[in-house]
Amino acid sequence: MDASSSISAHAAHDPHTHADHDHHELGWWRRYIFSTDHKVIGLQYLLTGLCFLFFGFCLMMVMRWQLAFPGKPLPFLGNLIQNVLGPGAMNNGVMTPEFYNSLGAMHGTIMIFLGIVPIAFAAFGNFVVPLQIGAPDMTFPKVNMASYWAFFVGGTIMLVSFFVPGGAAKGGWTSYTPLSDIADKGPTYDIIFNGQTLWLIAFICLITSSLLGAVNFIATIIQLRAKGMTWMRLPFFVWAQFVTAFLLLLAFPPLESAIVMQLMDRIAGTSFFLPSGLVVNGAAVSISGGGSPLLWQHLFWFLGHPEVYVLILPGMGIVAEILANNTRKPLWGYKSLVLAALVLGFLSFIVWAHHMWLTGMGTVVSAFFQTTTMIISIPSVIILSAFFISLWGGSIRFTVPMLFATAFLPMFGIGGLTGIPLAFNSADLYLHDTYYVIAHFHYIVAPGTIFAVFAGIYYWFPKATGRKMNDFWGKVHFWPSLICMNAIFLPMFLQGMLGMHRRWYDGGQGWTLSSEKVWGLSGFHWNTPISIAAWVMGLAQIPFIINFFWSMRYGEKVDDNPWQATTLEWTAPSPPPHGNFLATPVVYRGPYEYSLPGRAKDYTMQIEPVQPNERSMPEPTMSLGH
Amino acid sequence: MTSVALINEFLGMPPNASQHGYQIDHIIEFSHWFMGALFLGWSAFFLFVLWRFRKGRNPVASHEGVTSGISTHLEFAVVLIEAVLLIGFAIPLWAKRVNAFPPDKDAIHVGVEGQQFNWTFHLPGPDGVFGRRDVHLVTNSNPLGLDPTDPAGRDDLTSLGELHIPIDRDVIIDVTSRDVIHSFDIPAMRIAQDAIPGQTIPMWFKPVKTGSYEIVCAQLCGLGHYSMKGTLVVDTPTDYQAWLKERQELSGNQTAPPPLRRPPSEPPVGPTPGTVPPPGAPKTANPGGG
Amino acid sequence: MEIPYTVTARPDTGLWNAKVGIWLFLASEVMLFGGLFSAYIFLRLDAEPGYWPHGLLNVPVGTFNTAILILSSVTVVLAWAALKMRRYARYKLYMAATIFCGILFLVVKLGYEWPQKYDHFGAYIKTSSLEKYEKYLGNKHLLAEGLPPRVEITGHLHNEEALKDPKIKEYEVALDKVYTDPDDPKMDRPHFLYVPPTDQIATIAKEDVERATMFLPTHSTYFATYFTITGLHGLHVLGGVVVFTYLFFFGGKTYRQNPEHLANRVEVAGLFWHFVDLVWIFVFPLFYLL
Ligand code: HEA
Ligand code: HEA
Ligand code: CUA
Ligand SMILES: [Cu+2]
């Protein structure tokens, strides 16, 4: 008796009574708040992450006002913020430089560590990975819960830091020393409750969180794959998460060590990152000295670069699933994709110094890092090429997830390609720290990763809720977002080429170089259309937010496999009960068996045994969970 | 020097004013051609495929998809071009920047020290020797902490925020910082170097166009970062001499005009919030600072 | 569906879950301490001659602690073996021994070694004043020997209040042995055995002193790294002790349900303990001997 029929046999009795009976032991509190169920934790991560993502975006919408209209009082919000945060942030409704720097640093930090990582890695990883490999849960459910709560505490501390005297961290998301070492150290220096110190403490929580998460993911993928789920039968998304987990596992600890040292510098008065003979405000600083400012940069970027692949790999994984499903054909070059992802992972540990081209590098070192940086672009090229070629010969359905997934490709392409000039340190002499860099990575993380995240939400929403998100409003969300993203970031390349620099509180108004005209507008005046586009994009998110919550209750009910997909998660009931599957799934084939010649339906699930005459197969999915 | 810079100009890159700059423009230019080719090629393919294989036009997908190994060739081409750009341009260019320094004797040698939030230039004066510096001697009137007992330092010149150099002479600038990390960046000269406290790192270039150019601080260094502006004036030799004379008269009391809108420096002392009037805003306090 | 392979190994990987977990965790721990040790190397190489102190730590005590940790690593293995042989009483015994060793280590480290450091005093002499204190420093002799100079005078501070009170103009230090007879070749190398400060008092004028502190993290990058790394290591030891104590008192229940499960837990905790031990094997030579 083969697996699928055994499942249909089990499917006879209703999964929901099944689920309830599972849940009765746990109270509401344990079920939804301190839950150890990977699906609940995944959703917790998703909601928290989305809120942070949106908050980080709001910070940026405020900054964009200052960039477009420097010195003009911020309408409505200006006085509000002044009342809440005091004149240190807003002076007669006009943003102060300190507050601008706080916003910049927090935008970067929140978007990356409290937005994208928790969503793309933790949320989707938690919810989808165990389902896709046919596991009942994560290997260490309690650790999993701890991971979420560590993240939650870290995030809270980040938010609290806005309200301490002096405001949140102002040293950029990179927190370069000595600047961050001496930040806030005025006469009113509170040893703990100041922006930078809280930033560091919050980071310790976040790092703990992702370590616990990473260990859990890797162990789960190694140990809990269902019978027959061999490595080469894993969906690409699982591979992506696997590599990502390793990046987090090995790249974060060095940053943690650096953070401990910066904490010591700030709390215990050491000088890990402070050289001898510092003069601040015309007075020699009384410290032992002998520290090294560059040490911080090395340790930071040793995380920093792997981190950027942490931001993109899960996105690539999501896109891969959706491409295969909506082209109704296998991913092209699955093996090379997996290989590329692994190579990407390894190489990302030996390119970090390309963020430090201007720190005075010798020929040998810079030649080494330029070469590795060039080499690491190859796997990305391979992955993208494979995606593009996968489209060929497909029968492409432009569902909402597919719209976002297709948009991801060129957007990532632009972002990735513009990394190439940055990778030549001679070219970077000119481009470093300009808006060209800002545009480079935003094309990857904003219309890239964020679109992948949206795609993933629309795609797996039915599995999580049993309902579909509304298609029409999905499209209303997609098109304006796509247009705005480009309206925001394309002009930044021009500003960068003009020589306009990032982290400029006055948006370049005070500089003659940004008064040069390009494409009919002066570099500075480009800020206005960019900002407007950013605000319009804010509006464009409203349909999504409404659609998201509305569909939870009123969305169109769908069966367990609404996209006619092949991977395991779609064999479980929607929403999957505690323990996920009604019967232990057994896997018989690869992840993307779409449009197999000579079959009734154009998709063959992984649990369908390979049989001499495939036509007489029962239809497992039809009967699943009903 | 002639320069191929179609895309660069199209993207608004300002003209280069240094001898080596055109090479940097070239590598930026060429990588953009390469990127453009990839982008257009793929985009064309992409759009065609989306149209050709949409469900309406191609109801049944093919399980195999593309069978030819075309992509391998393409990836190989990418590797090749990147290798050329890297070995042919990038690496030699950098070697020239950091190894091929002009001989000290026939170059102009200047020191620059970054501080929150401006640049202080240090010229060795007629004797061509920099005087000894000691952080304990730093005061507002002696921003570099020059040691008065050191004869070599007697004729040294300091200039706040503004540096003049003669055209067509090699310039070597020793970049350092006194407080936090800054970055000494002259976009028009296509040259930049981080200013790192505790380290003095030389950089060099040769201006080939007279004029006045902005010096940017390319590293976040605090609340005045955005306005940490220096001015590089490339003079004719005569103007340069005139400037040196003027400096000599001023020397001893280094009170050069502060650069535009220089805000008072930030914590440890801890600024009263909002003392830096946002540009364009009605001036509240006097932000001149020094 | 229950989570499989919590106790028994998965056939194809040959591992049970917790074992995979701990190895991954240890991998990240390696990176954590790797970061700190690379900082140690960075800072030590950066240090100017004479500014990286030697022989300030108590080597015999350090050796003793090393022995303790190694011993505990053995006992924890024995505890595990005892469980494998289902000898619960003996397991308890060895586990108790392990916990005892862990606590002893912490007591020696935090209760004895650290305090001994921070009531020890050191004063860095200004370069200009080194001459004045030649009779304590013996730099001529060291120069002749081609050894790094001495720039600090250490010992026991008699007038503690001098650190706070600006009215007091000098420090009275009961010198460490080295400074009583600096030219003695026997003093060129740090001593293996700990030598307490002598009762010869030297008065050091504050104006000659660059920096004067007790041996705290603020004293130098050496002590900064020392306290940070040993502190973090101490936390790990503490963590291990806590886990062992839990297994000691609450292991019984697990044992009765499934002895193998407890054995696995002890094995995992033991692996962690070996790692903590290993870290110390690096810390000891780096700080005490080299
Ligand atoms: C997810 C994030 C992400 C990703 C994937 C990348 C990918 C790359 N990055 Fe980027 N990078 C960042 C995020 C990212 N980066 C961030 C956040 C910063 C700034 C940090 C800070 O200072 O704040 C930064 C900064 C940065 C710098 C430092 C610039 C400076 O500060 O001066 C450099 C320099 O080498 C660089 C290089 C690269 C390279 C070579 C790649 C390569 O991996 C790219 C490879 C990809 C391709 C080559 C594209 C392949 C696609 C095709 C060939 C198909 C094309 C088809 C179409 C377009 C239709 N990046
Ligand atoms: C993952 C990383 C990430 C992301 C996604 C973004 C997204 C955006 N970023 Fe940012 N950015 C950074 C990381 C990121 N950024 C970093 C690291 C820096 C450098 C900081 C520094 O200088 O140190 C930076 C700096 C930076 C600057 C330069 C500031 C300066 O140098 O002075 C600017 C300027 O415009 C900018 C703009 C934007 C904009 C308009 C977006 C938009 O694309 C935002 C789009 C966001 C959304 C569309 C949100 C959608 C969310 C929802 C709809 C949630 C719905 C909620 C529920 C359903 C509950 N960013
Ligand atoms: Cu100085 Cu930025
Ligand atoms: Cu990078």
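Residues numbered from 1 in each chain as written. Chains lettered and ligands numbered in written order. Predicted model: local features only at pLDDT ≥ 70, side-chain atom pairs only at ≥ 80, totals over all residues. Heavy atoms only, no water.

## What about a negative patch on the surface?
Residues and elements named next belong to chain C. The criterion, for reference: In this analysis, a patch consists of residues with relative accessible area above 30% that form no salt bridge, clustered at 9 Å for like charges and at 5 Å for the nonpolar side chains Val, Leu, Ile, Met, Phe, Trp and Tyr. A 1.4 Å probe and the Shrake-Rupley method give the accessible areas. Residues count as covered only by the protein chains that appear here. Salt bridges are defined as contacts in which a side-chain nitrogen from Lys or Arg sits within 4 Å of a carboxyl oxygen from Asp or Glu. By the counting rule applied here, Lys and Arg register as positive and Asp and Glu as negative, while His and the ends of each chain are not counted. To locate a charge, the coordinates of NZ of Lys, CZ of Arg, CG of Asp or CD of Glu are taken. Helix and strand assignments come from DSSP, with helices taken as H or I runs of at least 4 residues and strands as E runs of at least 2, each series counted from the N terminus. Relative accessibility decides the category of a residue: with a 1.4 Å probe and only protein chains considered, values under 20% of the type maximum give buried, values over 50% give exposed, and everything between is partly exposed.
There is a patch of like negative charges on the surface, built from Asp119, Glu160, Glu161, Glu170 and Glu172. Note that glutamate 172 resides in strand β3 (residues 170-175). On the accessibility criterion, glutamate 172 (30% relative accessible area) is partly exposed.

## Considering the sheet that holds strand β4 (residues 162-166) of chain B
Residues and elements named next belong to chain B. Under the convention used in this document: Between any two strands, at least two bridges found by DSSP are needed for them to pair. All axes here are fitted lines through C-alpha atoms, helices being fitted over the stretch that makes contact, and every angle between N-to-C directions spans 0 to 180 degrees.
Strand order in the open sheet formed by five strands is β4-β10-β9-β6-β7, and the pairing between neighbours is mixed. At either end of the open sheet lies a strand with only one pairing partner, and these are β4 and β7 (191-195). The mean inter-strand angle of the sheet, taken between neighbouring strand axes irrespective of direction, is 20°. Two strands pair when backbone bridges link them, and strand β9 (residues 211-217) and strand β10 (residues 230-235) are joined in this way by five bridges, in the antiparallel orientation. The residue of β10 that forms the bridge with tyrosine 213 is leucine 232.

## A few points about the coordination of the copper ion (ligand 4)
All names here are of chain A. Threshold: Note that water is not among the atoms considered, so a metal site may appear incomplete; the donors listed are N, O and S atoms within 2.8 Å of the metal, with 3.2 Å applied to Na, K and Ca.
Distances from the copper ion (ligand 4) to its protein donors, His305 (ND1), His354 (NE2) and His355 (NE2), fall within 1.9 to 2.1 Å. One chain supplies every donor for the copper ion (ligand 4), spaced along it as H-x48-H-H. Here the copper ion (ligand 4) and the iron atom of ligand 1 are spaced 4.4 Å apart.

## Quick notes on the site of ligand 2
Residue and element names in this part refer to chain A. Rule in force here: Note on terminology: near, applied to a residue and a molecule or strand, indicates that one of the residue's heavy atoms is within 4 Å of it. Definition of a polar contact: a pair of N or O atoms within 3.5 Å, with one able to donate and the other able to accept a hydrogen when the atoms are protein atoms, and with sequence-neighbouring residues admitted only if both atoms are side-chain atoms.
Around ligand 2, the structure places 35 residues, and the nearest of them are Arg64, Tyr100, His107, His442 and Arg503. Taking arginine 502, its side chain carries an N or O atom lying 3.5 Å from an oxygen atom of ligand 2. Mapped onto the shell around ligand 2, the elements with two or more residues apiece are α4 (38-68), α6 (97-133), α17 (435-465), α18 (471-498) and α20 (542-554). The dominant element in the shell around ligand 2, judged by the number of residues it contributes, is α17, at eight residues.

## A word on the coordination of the iron atom of ligand 2
All names here are of chain A. The coordination sphere of the iron atom of ligand 2 contains the protein donors His107 (NE2) and His442 (NE2), at a distance range of 2.0 to 2.1 Å. We classify histidine 107 as buried; its relative accessible area is 12%. Its relative accessible area of 14% is what places histidine 442 among the buried residues.

## Topic: the sheet that holds strand β1 (residues 121-125) of chain C
All names here are of chain C. Here five strands make up an open sheet; going across it, the order is β4-β3-β2-β1-β5 and the pairing antiparallel. The open sheet terminates on both sides in strands that have one partner only, identified here as β4 (201-205) and β5 (209-214). Taken pair by pair, the neighbouring strands of this sheet meet at an average axis angle of 40°, ignoring direction. Strand direction decides the pairing type here: β1 and β5, joined by five bridges, are antiparallel. Pairing of glycine 122 across the sheet is with threonine 213, part of β5.

## Side note on unusual backbone geometry
Geometrically, the link from Ser574(A) to Pro575(A) is a cis peptide bond, its omega value of -10° lying close to zero. Assignment of secondary structure puts Pro575(A) in the loop between β8 (556-557) and α21 (620-623). Backbone torsion omega between Gln116(B) and Phe117(B) reads -5°, so that peptide bond is classified as cis. With respect to the secondary-structure elements, Phe117(B) resides in the loop between β1 (108-115) and β2 (118-123). At Asn92(A), a residue that is not glycine, the phi angle is positive and equals roughly 50°.

## Quick word on the interface of chain A and chain B
How we decide: Only heavy atoms enter the contact rule, under which two residues are in contact if any of them lie within 4.5 Å. In short, buried area is how much 1.4 Å probe accessible area vanishes from two parts on joining, totalled over both.
With 105 residues of chain A at the contact, the number on the chain B side is 98 residues. Both sides together, the interface formed by chain A and chain B hides about 8,600 Å², and carbon and sulfur atoms give 70% of it. For the chain A face of the interface with chain B, the top three residues by lost area are Trp392(A), Leu429(A) and Trp511(A), together amounting to 8%. On the surface where chain A and chain B come into contact, there are zero salt bridges. Applying the counting rule to chain A against chain B returns 23 residue pairs in polar contact (both at pLDDT 80 or more). Of all the elements, helix α13 (residues 363-391) of chain A adds the most residues to the side of chain A that touches chain B, at 14 residues.

## Focus on the nonpolar core
Definition in use: For the purposes of this section, nonpolar cores are sets of buried Ala, Val, Leu, Ile, Met, Phe, Trp, Tyr and Cys residues that join through side-chain atoms within 4.5 Å.
If you look at the biggest cluster of nonpolar residues, it comprises 349 residues, and the most contacted ones within it are Phe236(A), Phe387(A), Ile173(B), Phe184(B), Leu232(B) and Phe287(C). At 22 residues, α6(A) tops the list of elements feeding residues into this core. Ignoring anything within four residues of it in the chain, the contact list for Phe236(A) reads Met316(A), Gly317(A), Ala320(A), Glu321(A), Leu331(A), Tyr334(A), Leu337(A), Val338(A), Ala341(A), Phe387(A) and Tyr592(A). Leu157(C), Tyr171(C), Val173(C) and Ile204(C) belong to the second largest nonpolar core, which has 21 residues in total.

## Details of the site of ligand 1
Worth spelling out the cut-off: Residue type decides the class: Asp, Glu, Lys and Arg count as charged, Ala, Val, Leu, Ile, Met, Phe, Trp, Tyr, Cys and Pro as nonpolar, and the leftover types, Gly among them, as polar.
With respect to spatial proximity, 36 residues lie near ligand 1, and among them Trp173(A), Tyr309(A), Asp428(A), His432(A) and His440(A) are the closest. At the site occupied by ligand 1, the surrounding residues belong to chains A and B. At 2.8 Å, a side-chain N or O of Trp173(A) approaches an oxygen atom of ligand 1. Elements with a minimum of two residues in the shell around ligand 1: α11 (293-327), α13, α14 (400-417), α15 (419-423) and α17 of chain A together with α2 (21-52) of chain B. At six residues, α13(A) tops the list of elements feeding residues into the shell around ligand 1. Here the shell around ligand 1 is built from residues that sort into 23 nonpolar, eleven polar and two charged.

## Notes on the packing of α13(A) against α2(B)
Quick reminder of the rule: Throughout this description, any angle smaller than 35 degrees is read as roughly parallel, any larger than 145 degrees as roughly antiparallel, any in the 65 to 115 degree range as roughly perpendicular, and the remainder as oblique. Throughout, a crossing is termed right-handed when the near helix is turned clockwise from the far one, and left-handed when it is turned anticlockwise from it by less than a right angle.
Where α13(A) contacts α2(B), the axes come no closer than 9 Å and their chain directions differ by 30°. Taken together, the axes of α13(A) and α2(B) are roughly parallel relative to one another. α2(B) is crossed by α13(A), and the crossing has left-handed handedness. Across from Ser385(A), Phe388(A), Ile389(A) and Leu391(A) in α13(A), the residues of α2(B) making contact are Trp42(B), Phe45(B), Phe46(B), Val49(B) and Leu50(B). For the contact of α13(A) with α2(B), a count of residues per class yields eight nonpolar, one polar and no charged.

## Thoughts on a positive patch on the surface
On the surface, a cluster of positive charge is made up of Arg30(A), Lys142(A), Lys253(C), Arg256(C) and Arg265(C). Checked against the element boundaries, Lys253(C) lands in helix α7 (residues 221-257). On the basis of relative accessible area, Lys253(C) is assigned to the exposed category, the value being 55%.

## So, empty space enclosed by the protein
Residue and element names in this part refer to chain A. Short version of the rule: Here a cavity denotes a set of grid points, spaced 1 Å apart and computed over the protein atoms alone, in which a 1.4 Å probe fits but from which it cannot get out, and a pocket denotes an open set meeting protein on both sides within 12 Å along at least five of seven lines; residues with an atom within 4 Å of a point are reported as lining. Grid points are joined across faces, edges and corners, and a volume is the space filled by probe spheres set on the points.
Tallied over the entire structure, the rule returns six cavities of 30 Å³ or more. In this structure, the largest cavity occupies an estimated 150 Å³ of space. Put simply, the parts of the chain that give the lining of the largest cavity at least two residues each are α6, α7 (141-160) and α9 (195-223). Looking at which element gives the most residues to the lining of the largest cavity, the answer is α6, with six residues. Residue classes in the lining of the largest cavity are distributed as ten nonpolar, six polar and no charged.

## Side note on the confidence of the model for chain B
Residue and element names in this part refer to chain B. So the rule is basically this: Confidence of the predictor at the level of single residues is given by pLDDT, which spans 0 to 100.
Looking at chain B, the pLDDT average stands at 83 and 85% of residues meet or exceed 70. Of all helices and strands in chain B, the one with the weakest mean pLDDT is helix α4 (residues 151-154) (83), whereas strand β6 (residues 182-186) scores best (97). For the stretch residues 253-290, pLDDT sits under 50, and the model shows 88 contacts to residues farther than four places along the chain or on other chains.

## A closer look at the pairing of β9(B)
Residue and element names in this part refer to chain B. When you tally the buried positions in β9, you get five out of seven residues, the bulk of the element. Here two bridges tie β6 to β9, and the two strands are oriented antiparallel to one another. Bridged to phenylalanine 184 within β9 is cysteine 217.

## With respect to the packing of aromatic side chains
The way to describe two aromatic rings as a pair is by their centre distance and the angle between their planes. Where we set the bar: Working definition: rings of Phe, Tyr and Trp (its six-membered ring) pair if their centres are within 6.5 Å, and the pair is stacked with planes under 30 degrees apart, edge-to-face with planes over 60 apart, and tilted otherwise.
Throughout the structure, instances matching the rule amount to 99 aromatic pairs over all chains. An angle of 15° between the planes, with centres 5.6 Å apart, marks the rings of Phe404(A) and Tyr458(A) as stacked. Within this pair, whereas Phe404(A) is found in helix α14, its partner Tyr458(A) is found in helix α17, the two being separated by 54 residues in sequence. Judged on exposure class, the residue Phe404(A) and its partner Tyr458(A) are both buried. Look at Tyr222(C) and Phe223(C): their rings are 5.1 Å apart centre to centre, the planes differ by 75°, and that puts the pair in the edge-to-face class. Comparing Tyr222(C) with Phe223(C), the two get one shared label, buried.

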